[in-house]
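Observations on chain architecture
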Amino acid sequence: MEQRSKKSAELYHLLLERGYPEVFCGQVTQMLHTDWTAQRMIGYLSHYKKLPMGEVADEMLSILSDRDRIMEKKELERVNASWNEYLNT
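Residues numbered from 1 in each chain as written. Predicted model: local features only at pLDDT ≥ 70, side-chain atom pairs only at ≥ 80, totals over all residues. Heavy atoms only, no water.

Here's the deal with the packing of aromatic side chains
Summed over all chains, the structure comprises 3 aromatic pairs. Between Tyr20 and Phe24, the aromatic rings sit 5.7 Å apart at their centres with planes inclined by 40°, giving tilted as the arrangement. A centroid spacing of 5.3 Å and a plane angle of 55° characterise the contact between Tyr44 and Tyr48, whose relative ring orientation is tilted. Judged by relative accessible area, which is 18%, Tyr44 ranks as buried. The exposure class of Tyr48 is partly exposed, given its relative accessible area of 38%. Lying across the ring of Tyr20, Lys50 places its NZ or CZ 3.9 Å from the centre. (Phe/Tyr/Trp six-rings, centres within 6.5 Å; stacked < 30°, edge-to-face > 60°. Buried < 20%, exposed > 50% of the residue type's maximum accessible area, 1.4 Å probe, protein only. Lys NZ or Arg CZ within 6 Å of the ring centre and 35° of its normal.)

Quick look at the side chain of Ser8
As for its placement among the helices and strands, Ser8 is situated in helix 1 (residues 6-17). Here Leu32 takes part through its backbone oxygen, which lies 3.0 Å from a polar atom of the side chain of Ser8. With residues near it in sequence (within four places) discarded, Ser8 still touches Thr29, Leu32, His33 and Ala38. (Helix = DSSP H or I, 4+ residues; strand = E, 2+ residues; numbered from the N terminus. Polar contact = N/O pair within 3.5 Å; in protein donor to acceptor, adjacent residues only side chain to side chain. Contact = heavy atoms within 4.5 Å.)

What to know about the nonpolar core
Leu11, Leu15, Val28, Leu32, Met41, Leu45 and Val56 are the most contacted members of the largest nonpolar core, which has 19 residues in total. Sorting the residues of this core by element identifies helix 1, helix 2 (22-31), helix 3 (35-45) and helix 4 (53-87) as the ones contributing at least two each. For this core, the element with the most residues is helix 3, which contributes 5 residues. Apart from the residues lying within four places of it in its own chain, the contact partners of Leu15 are Tyr20, Cys25, Val28, Leu45 and Val56. (Core = buried A, V, L, I, M, F, W, Y, C linked by side-chain atoms within 4.5 Å.)

In structure tokens form, the structure reads like this:
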């Protein structure tokens, strides 16, 4: 299991304060264990008082999908830069 960030711990306590089950809070923050992903969820939750667990889970999946697309884009940029360097030598 990966170490949770400071923001992830903040998200955990926010979810608990809003009445979500402890197991659910733990699962969400285990998946959103970085400052970036946890902050995105905190920002999303700041617009609502209480959401159904399904909506929180859907947003978590959306955040993870965005993170994966960003990581893939950065990897493709790195590969492209390496290829261009190869072509220019």
